[in-house]
Amino acid sequence: MEQAIEYLPQLLQGLVLTVVVTLIVMVLATALGLLVAIGRMSRFALVRGPLTAYVEFVRGTPTLVHLYYVFYVLPLVGVTLPAVLAGVIGLTIGYAAYLSEVFRAAIGSVPLVQQEAADSLGLSKVQSFRLVIMPQATRVALPPTVNYLLSLFKDTSLLSIITIQELMFTGLLIGSMTFQYFIIFTEVAILYFCVCYPWAWLARRLEKRLSPDGGQSTSKRLAKTRRQLFMSDGMAGQK
Amino acid sequence: MAKKDVSQVSEMPADSVMHVRNLTKTFNETPVLDDVDLSVEKGEVLVLLGQSGSGKTTLLRCLALAEGITSGEIGFRGQLIHRRSMPDQPNFSISASEKQKLRTQIGIVFQQYNLFPHLTAIQNVALAPVHVLKVDRDVANARAKELLEMVGLGSRVDFKSHELSGGQQQRVAIARTLAMSPQLLLFDEVTSALDPQMTAEVLAVMKDIALNGTTMVVVTHEMGFAKHVGTRIVFMADGRVVESGTPTSLFENPKDDRTKEFLNAVLHAN
Ligand SMILES: Nc1ncnc2c1ncn2[C@@H]1O[C@H](COP(=O)(O)OP(=O)(O)OP(=O)(O)O)[C@@H](O)[C@H]1O
Ligand SMILES: [Mg+2]
């Protein structure tokens, strides 16, 4: 217990870096993802093509490979980046692609007639995207986006491999010196959880508040279906 | 100079708000509109009748500039908008930005209301005036409130579409269109998704608008409205205008067989 307290300040430092990196990647990946999503709706094949290729390629390769590429391969061609920057870029490559798919699906889920209604009122394409399509798409995109950000937060543990002193690396470092792996990784796990859990809770709240019927959260809807399922189960069981 | 010659529309009656000439529209080589001529006069309530699939929606969408044309000519208040594949006349099309501007002057109300679900009733109505006409937000809101009161929804201004009945949503949609003060209002079967009670509410609003002298083109199956509010009936079949006239002449003395058949069917159904 004393040891646990002894390691805590260092681990917390690692956690701070983990959170900072997550926030930076989150902002970059969201902005880029939105641009990619919009670019892929372009009428110019020259814009669409490369973006589609990028998204497909990235989705078909592990995040660790992206990280290694930026950290180990770029220096071979003369581009040497500080580890943290390499880590941020490596994670952004993947998450921008994932999020662009989320945004694209969300934009696609807004009925075409909404665009028609906006057009008929004389709104410009930019105005109707900003005022009509985006607000509706945001509601659809928010829950999956928050889930991706949750896994982004957890994926930052991969950065330990390229020597960034985030939470995981700090844990490994202390472990290699003290061999107190049980205490250390229990602490590491608890720290990750302490950030993730409120986030997930916040996500549910947001989803509920933003849903167009202003009403039922996923869990409530699920609970309802589950009750119905159990009811029929129960009746079958009584026979 | 040359451009002016092209865009000038000859021989249009001075009071024409919108006209189409030799309008043909094909989808995958199937003609949906076939050589349609129609001029909408200022202040008239033109009712478009015809069987399902006769091309009423397509014609209305062409008038709303929401649909490209295959050939023919469209003009708005003496100004040419499109001309394609007309004998001895050069093709012409206004720019996208001019078209966007014109669309603010032509309002369309859809069968499925198409309100913006993330906005309240008053926000739906004030959106385009604020962002397109650049009306001051307070002024736009005050006007939106007036319009919602006019359509009988003064107590529902802050409701979102999912909190409104179909008939209420449709009346918000009408107010939203009216907020742009359009020169021409198009209605495409705006009551066909509503029950009789709600239909009556919406028709009453439409009648008020008509009595205000608004120029309207109305596609509807409500024969009472066609007869009593319509000033001219145009009957379509297979993408063509087969007959037109005053409600009295067309209802009491239809000439074309298809008109007779159609009227028989709907009047007996009602
Ligand atoms: N986007 C489209 N692509 C292909 N065909 C179409 C399209 N829109 C309409 N059509 C066809 O054009 C014809 C006329 O359709 P339209 O919707 O104009 O008829 P309508 O008179 O409004 O019918 P209703 O009373 O059922 O609304 C129909 O045969 C329809 O199948
Ligand atoms: Mg129709």
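Values in this document were obtained by computation on a predicted structure and should not be read as measured data. (Residues numbered from 1 in each chain as written. Chains lettered and ligands numbered in written order. Predicted model: local features only at pLDDT ≥ 70, side-chain atom pairs only at ≥ 80, totals over all residues. Heavy atoms only, no water.)

Trainee: Would you mind showing me how to read the sheet that holds strand 4 (residues 71-76) of chain B here?
Mentor: Sheet strands associate in pairs through backbone hydrogen bonding, adopting either a parallel or an antiparallel arrangement. Residues and elements named next belong to chain B. Within the open sheet, the five strands sit side by side as 2-1-4-5-6. Their pairing is antiparallel. With partners counted over all chains shown, the strands left at the sheet margins are strand 2 (30-41) and strand 6 (92-93), one partner each. Here strand 1 (residues 16-27) pairs with strand 2 via eight bridges, running antiparallel. Paired with valine 20 across the bridge in strand 2 is leucine 38. Packing of helix 2 (residues 56-63) onto the sheet brings it into contact with strand 1, strand 2 and strand 4, and relative to strand 1 it is tilted by some 125°. (Pairing = 2+ DSSP bridges. Helix = DSSP H or I, 4+ residues; strand = E, 2+ residues; numbered from the N terminus. Contact = heavy atoms within 4.5 Å. Axes fitted to C-alpha atoms, helices over the stretch in contact; angles between N-to-C directions.)

Trainee: I'm lost on the site of ligand 1 in this one. Help?
Mentor: Residues and elements named next belong to chain B. Inspection of the region around ligand 1 gives Phe27, Val32, Gln51, Ser52, Gly53, Ser54, Gly55, Lys56, Thr57, Thr58 and Glu189 as its neighbouring residues. Glycine 55 places a main-chain nitrogen or oxygen 3.0 Å from an oxygen atom of ligand 1. Here an oxygen atom of ligand 1 sits 3.1 Å away from a polar atom, N or O, in the side chain of glutamate 189. If ligand 1 stood free it would expose 640 Å²; the protein chains cover 57% of that surface. Tallying contributions element by element places helix 2 first for the shell around ligand 1, with three residues. Across the shell around ligand 1, the residue classes break down as two nonpolar, seven polar and two charged. (Near = heavy atom within 4 Å. Polar contact = N/O pair within 3.5 Å; in protein donor to acceptor, adjacent residues only side chain to side chain. Areas by Shrake-Rupley, 256 points an atom, 1.4 Å probe, with all protein chains shown as cover. Nonpolar A, V, L, I, M, F, W, Y, C, P; charged D, E, K, R; others polar.)

Trainee: Sorry, what's going on with empty space enclosed by the protein here?
Mentor: Empty space left among the atoms is revealed by rolling a probe the size of a water molecule over them. Going through the model one piece at a time under the given rule, you end up with one cavity of 30 Å³ or more. As a volume, the largest cavity reaches approximately 40 Å³. Contributing to the lining of the largest cavity are Ser120 and Leu121 of chain A together with Arg103, Thr104, Ile106, Gly107, Ile108, Thr177 and Met180 of chain B. The residue makeup of the lining of the largest cavity, split by class, is four nonpolar, four polar and one charged. (1 Å grid on protein atoms, 1.4 Å probe; cavity = no way out; pocket = protein on both sides within 12 Å on 5 of 7 lines; lining within 4 Å. Points joined across faces, edges and corners; volume = space filled by probe spheres on them.)

Trainee: Is there a simple way to think about the interface of chain B and chain A in this case?
Mentor: When the parts of a complex come together, some accessible area is lost, and that lost area is often used as the size of the interface. Contacts between the two partners involve 21 residues from chain B, matched on the other side by 20 residues from chain A. A combined buried area of about 1,800 Å² lies between chain B and chain A, and 58% of that area is made up of carbon and sulfur atoms. Where chain B meets chain A, there are one salt bridge. Arginine 61 of chain B is the salt-bridge partner of glutamate 116 of chain A, the closest N and O atoms lying 3.2 Å from each other. At the level of elements, helix 3 (96-103), strand 7 (106-109) and helix 4 (121-131) of chain B are the ones that each hand at least two residues to the side of chain B that touches chain A. The leading source of residues in the side of chain B that touches chain A is helix 4 of chain B, at three residues. Across the side of chain B that touches chain A, the residue classes break down as ten nonpolar, six polar and five charged. (Buried area = accessible area lost by both parts, 1.4 Å probe. Salt bridge = Lys/Arg side-chain N within 4 Å of Asp/Glu carboxyl O.)

Trainee: Please explain the nonpolar core as it appears in this structure.
Mentor: What tends to happen in soluble globular proteins is that the nonpolar side chains get buried as a cluster. Residues and elements named next belong to chain B. Core analysis: the biggest nonpolar cluster contains 90 residues, and Met18, Leu48, Leu59, Leu186 and Val217 have the highest contact counts within it. Once residues within four sequence positions are removed from consideration, leucine 48 is found in contact with Lys56, Leu59, Leu60, Val217, Val218, Val219, Thr220, Val234 and Met236. In this structure, Leu178, Val190, Leu194 and Phe225 belong to the second largest nonpolar core, which totals 38 residues. (Core = buried A, V, L, I, M, F, W, Y, C linked by side-chain atoms within 4.5 Å. Buried < 20%, exposed > 50% of the residue type's maximum accessible area, 1.4 Å probe, protein only.)

Trainee: Please explain the environment of glutamate 2 of chain A as it appears in this structure.
Mentor: All names here are of chain A. Tracing the backbone through its elements, the reader meets glutamate 2 in helix 1 (residues 2-39). You can call glutamate 2 exposed: its relative accessible area is 71%. Spatially, the C-alpha atom of glutamate 2 lies 37 Å from that of tyrosine 68, the residues being 66 residues apart in sequence.

Trainee: What should I look at first to understand the UniProt feature "domain: ABC transmembrane type-1" (unreviewed entry) in chain A in this one?
Mentor: As recorded in UniProt, the sites labelled "domain: ABC transmembrane type-1" (unreviewed entry) are residues 15-203 of chain A. Structurally, residues 15-203 of chain A comprises 83% helix and 0% strand, and the distance from its first C-alpha atom to its last is 21 Å. (UniProt positions renumbered as here; feature names shortened; annotations may be inferred.)

Trainee: Help me understand the side chain of threonine 58 of chain B in this model?
Mentor: Assignment of secondary structure puts threonine 58 of chain B in helix 2. Contact partners of threonine 58 of chain B, with chain neighbours within four places excluded, come to Lys25, Phe27, Val32 and Leu33 of chain B.

Trainee: Looking at this structure, how should I read helix 7 (residues 167-178) of chain A?
Mentor: Residues spaced three or four apart along an α-helix face the same direction, because each turn holds 3.6 residues. All names here are of chain A. Compared with the 16 Å implied by 1.5 Å per residue over twelve residues, the 16 Å span of helix 7 between its first and last C-alpha is a close match. Where the residues of helix 7 are buried, they touch helix 1 and helix 8 (181-210). By the N-cap criterion, in which a side-chain oxygen at the helix start approaches the backbone nitrogen of a residue two or three places on, helix 7 is capped by glutamate 166, the distance to methionine 168 being 3.1 Å. One or two positions beyond helix 7, positive phi appears at phenylalanine 179, with a value near 60°. (Expected span 1.5 Å × (residues − 1).)

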